[in-house]
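Here is what each chain is made of, one letter per residue.
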Amino acid sequence: MDFELRAAKQKLEREQKDRKEKARLKLIKEKKAKEEALKQREAIEAAQRIRRLDAADALLKAEQQTEQNSVAADGVIFNRVLEAVSFQGYGDKIKLPASCFTELSNQGALDKGPMYFKLSKVSQEGVPVQTEDAEQQSHETTHSGVLEFTASDGFVELPPHVWNNLFSSDPPEVPLVEVRYVRLPKGTYAKLQPDGMGFSDIPNHKAVLETTLRQHATLSQGDLVTVNHGTLTYNLRVLELKPSTSVSVLETDIEVDVVGSESITDGMDRHVLIPLVLGKVEVGTVEEGKYVYYKFSVDGNLGDIIASGDANVEVKIDTENDNGDTDLYVSRHPVIFPTQHQHEWSSHDIGSKVLIISPKDQSVGTGTYSIAVFGFKGTTKYRISVGIQNISHGNVGETAGSSSSVADVNSEKCRNCGHYIPSRTIALHEAYCSRHNFICNHAGCGIVLRKEEAAKHVHCEKCGRASQVGELEKHMKVFHEPRHCGCGVTLEKEEMVQHQSSACPLRLVTCRFCGDMVQAGSTANDVRDRMRGLSEHESLCGSRTAPCDSCGRAVMLKEMDIHRVAVHQKN
C-alpha cells in the first residue's frame, strides 16, 4: 500500500514539474515572438520611411528635370516611349504619329523652328538606358530631325542611320525608344574619322561628305555616318563636335575635319588605292575574281612632255608564277576604281604584260590615274611598275639595210612581204622571204610571220582580232562573254564599256552644283531643266538656294547664271 502511494506521489510531482517547464518554455517563446514582431514592425516602418523619402526625392528630381527640360526645350515638354520600326530612307529624319504633331503644335513647337529629338534606347524593364561612356552611348542615344507625322499610333519609324546607331547589335524582340523634344545649338566644327581606309581616295571627298550631311538635321558625338559614293559605302565616326556633343547642321556653315583612319585593311578586301611611285616596282598578290588597286600621279611637267608627244606612260606587270593570270585596267580620275565594265585602257595578254598609254589619246595628261590588277585565273604573284617612256623621233627598231614600207627611188617592193627593199638586194631578199616568212591573208591583217609561227596565229571568228592559239580561249571569255549591267542591259565587253561610260543611267557623273560623283539617272522631270541638259539629280540639287554675290538675294543654283545676266548685266 505504501509502495503505491509513493509511486502516485512521484508521478504527480513529475507531472507538475513538466507542466511548469512547459509553461516556462511557452513564456520564453511568446516573449521571443513579441520581440520578433516588434523588430518586423520597426523594419517595415523604416522601409516605409525610406520609400517615402525616396519618393519625395524622386519627385523633387523629376520636377527639377522637368524644369531643366523645359528650359532646354524652350518651354516645350514632349516625351514619348514608342515602339521602333525601320523604313528605307536617307539621313536622320524620323517619322512620328499624328498625335505627336498635335501635342507639339499645341505647345507651339512649330513656331520655334526646326524640331529636334533625342532618341534613347529603352531597356526591357522600360527604363531609358543611360551611360556616361561616349563610346557606349553612341549605341544607345542619338538625335534626329523629323520627316513627317505619318507613323502609326504607338510607333516611331527610323531610317537606317538612326536605327544602326541605336541598335548596333541585334535589336530586342520589342525595340522601344524614348523620343524627347530638345533644342540643339548650330554646329560650328566637326571631326570625323573613316572606319577603314579608302575614303580619302575619293576625288573631292569633302564635297561627297557635304552632300551626305545635307540629308541630316543633326550630328551626335559617337555616331556613325554612312557615306555612299556610287556602289561604294564608307562609315565615318563622329569624334568631336562644337559647341556641344550634339548639334544642328541645318542652315549653318560647319567646319569639317576628316582625320586618317587608324585601321589597316587588306587591299583585296576593301577598295583602297595603293600609291605607286614612278619607276619603283611594287610586289603584290591577287586572287581569282578579285581586284587590287593602285594609283599614280602625273604632275604638270610630265604632263606637258606627254602632251607634246615625246613620251608614253608605260604600265608593266610581271607575273611570278605560271599557274595564274591577270588582267590590267587603267582609268583616269574621277573614275577611281576601274573594273571590267568601266575603264579607259586595258590589257588582257597572258602572263606578263605592258600597257602603253599613248599621248595620241586626248585623255592622257596631268592628273591622277588608277590601276586595277584583276585576278583572271588562280592566285597570281606579280610585280607592277609605272614609268615614263621616251619616244625616239627616228624609225624605231630600224637598222641599216633593213626593210621599209616607204617607197624609195632605188628600192623595189617585195612580192611576198610588201616591204620596199633596195634594188641591189631585192632578189636575195625575195628568195629568203618566200622560204621563211608568211603573210596572213585575213582581211585587214597582213602581218608578216615566220612560217613556224604561222600555225599559232589565228583570228577570232566573231571580231576578227588576231591572237595566238593559246590566247583565243581567254579572248572569247574576256571580249565575247555576255556581261550584265545593273541597269538591265546585257552586252559584250567593248559595247559594255561604251555603254557604262556614256549611256548607263547608273554611271557616275560629276554634279555641276555640289561637285559630288552621283549616278546620272534619268533626265530631269522639268522641261526647262531638260533643255538645260540637267540630270535628275542636278535638277533637285540645283533647286537649292544661295545668296547672289552681287545683291545678296536668294537664288536657286540652277538659275544663278540667268539671274546674273538678267539682273546684273550692267555690272
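Once a new chain begins, its residue numbering starts again from 1 and follows that chain's sequence as written. Reporting of local features is limited, given that this is a predicted model, to residues whose pLDDT is at least 70; pairs of side-chain atoms are given and counted only at 80 or more, and all residues count toward the totals for whole chains, interfaces and linings. Side-chain descriptors were evaluated using all non-hydrogen atoms of the structure, hydrogens and water having been removed beforehand.

A.B. asks: Break down the confidence of the model for the protein chain for me, citing the residues and quoting the values.
C.D. replies: The score called pLDDT rates the predictor's confidence residue by residue, from a low of 0 to a high of 100. Summing up the model confidence of the protein chain, the mean pLDDT is 81 and the portion of residues at 70 or higher is 89%. Contacts from residues 264-269, a stretch scored under 50 in pLDDT, to residues over four places away or in other chains number twelve contacts. What makes two residues a contact is simply this: any of their non-hydrogen atoms within 4.5 Å. Scored below 50 in pLDDT, residues 393-403 shows five contacts in the model against residues more than four places distant or in partner chains.

A.B. asks: Summarise the sheet that holds strand β14 (residues 282-286); cite the residues concerned and give the values.
C.D. replies: The four strands are arranged β14-β21-β16-β19 in an open sheet whose pairing can be described as antiparallel. Both edges of this open sheet fall to β14 and β19 (353-357), since each of them pairs with a single strand only. Within this sheet the neighbouring strands show an average axis-to-axis angle of 25°, counted without direction. The criterion for strand pairing is that DSSP finds at least two bridges linking the strands in question. Per the convention used, a helix needs a DSSP run of H or I reaching at least four residues, while a strand needs a run of E reaching at least two, with both numbered from the N terminus. For helices, the fitted line uses only the C-alpha atoms of the stretch in contact; every axis is such a line through C-alpha atoms, and the angle between N-to-C directions lies from 0 to 180 degrees.

A.B. asks: Which residues make up unusual backbone geometry, and what values do they have?
C.D. replies: Omega for the bond connecting lysine 242 with proline 243 falls within 30 degrees of zero, at 10°, which places this linkage in the cis form. Along the polypeptide, proline 243 turns up in the loop between β10 (232-242) and β11 (246-248). Positive phi, normally seen in glycine, also occurs at glutamate 251, with a value near 50°.

A.B. asks: Account for the UniProt feature "domain: TRAFD1/XAF1 zinc finger" (unreviewed entry) in the protein chain, with residues named and values stated.
C.D. replies: UniProt positions are given in the numbering used here, feature names are shortened, and annotations may be inferred rather than shown by experiment. Per the UniProt record, "domain: TRAFD1/XAF1 zinc finger" (unreviewed entry) is annotated on residues 534-563. Between the C-alpha atoms that bound residues 534-563 there is a distance of 18 Å. The span itself is 33% helix and 20% strand.

A.B. asks: Which residues make up the environment of serine 539, and what values go with them?
C.D. replies: Take serine 539: it is sitting in helix α12 (residues 536-541). Only protein chains enter the calculation, and the probe is 1.4 Å; a residue is then buried if its accessible area is under 20% of its type maximum, exposed if over 50%, and partly exposed in between. Assessed through its relative accessible area of 10%, serine 539 is described here as buried. With 13 residues separating them along the chain, serine 539 and aspartate 526 place their C-alpha atoms 7.8 Å apart. Excluding residues that lie within four positions of it along the chain, serine 539 makes contacts with Ala524, Asp529, Leu534 and Lys558.

A.B. asks: Explain the pattern of salt bridges residue by residue, including any values.
C.D. replies: Think of a salt bridge as a Lys or Arg side-chain nitrogen and an Asp or Glu carboxyl oxygen that are within 4 Å of each other. Scanning all chains against the criterion turns up 16 salt bridges. A salt bridge links arginine 80 to glutamate 103; the shortest N-O distance between them is 3.2 Å. Of this pair, arginine 80 sits in strand β1 (residues 79-86) while glutamate 103 is found in helix α2 (residues 98-106), placing the two residues 23 residues apart along the sequence. A relative accessible area of 27% means that glutamate 103 is categorised as partly exposed. Taking the shortest distance from any N to any O, the salt bridge between lysine 474 and aspartate 327 comes out at 2.8 Å. Taken together, the residues lysine 474 in helix α9 (residues 469-480) and aspartate 327 in strand β17 (residues 325-332) connect sequence positions 147 residues apart. Overlapping salt bridges, with partners in common, bring together Asp529, Arg532, Lys558 and Glu559 in one network.

A.B. asks: Any details on the nonpolar core? Residues and values, ideally.
C.D. replies: Throughout this description, the term nonpolar core refers to a set of buried Ala, Val, Leu, Ile, Met, Phe, Trp, Tyr and Cys residues connected via side-chain atoms within 4.5 Å. Of all hydrophobic cores here, the largest spans 26 residues; its most connected members are Leu192, Phe199, Leu209, Leu219, Tyr234, Leu236 and Phe337. Those elements giving two or more residues to this core turn out to be β7 (189-194), α5 (205-213), β9 (224-229), β10, β15 (291-298) and β20 (367-377). When near neighbours in sequence (up to four residues on either side) are disregarded, leucine 236 contacts Leu192, Gln193, Pro194, Asp195, Phe199, Leu209, Asp223, Leu224, Val225, Val227 and Val258.

A.B. asks: Explain the pairing of strand β16 (residues 311-319) to me, using residue names and the numbers behind them.
C.D. replies: Across nine bridges, β16 lies against strand β21 (residues 380-390) in antiparallel orientation. Bridging from a neighbouring strand, lysine 316 pairs with serine 385 of β21. In the sheet, β16 pairs with β19 via five bridges, with the strands oriented antiparallel. Counterpart to glutamate 314 in the pairing with β19 is isoleucine 356.

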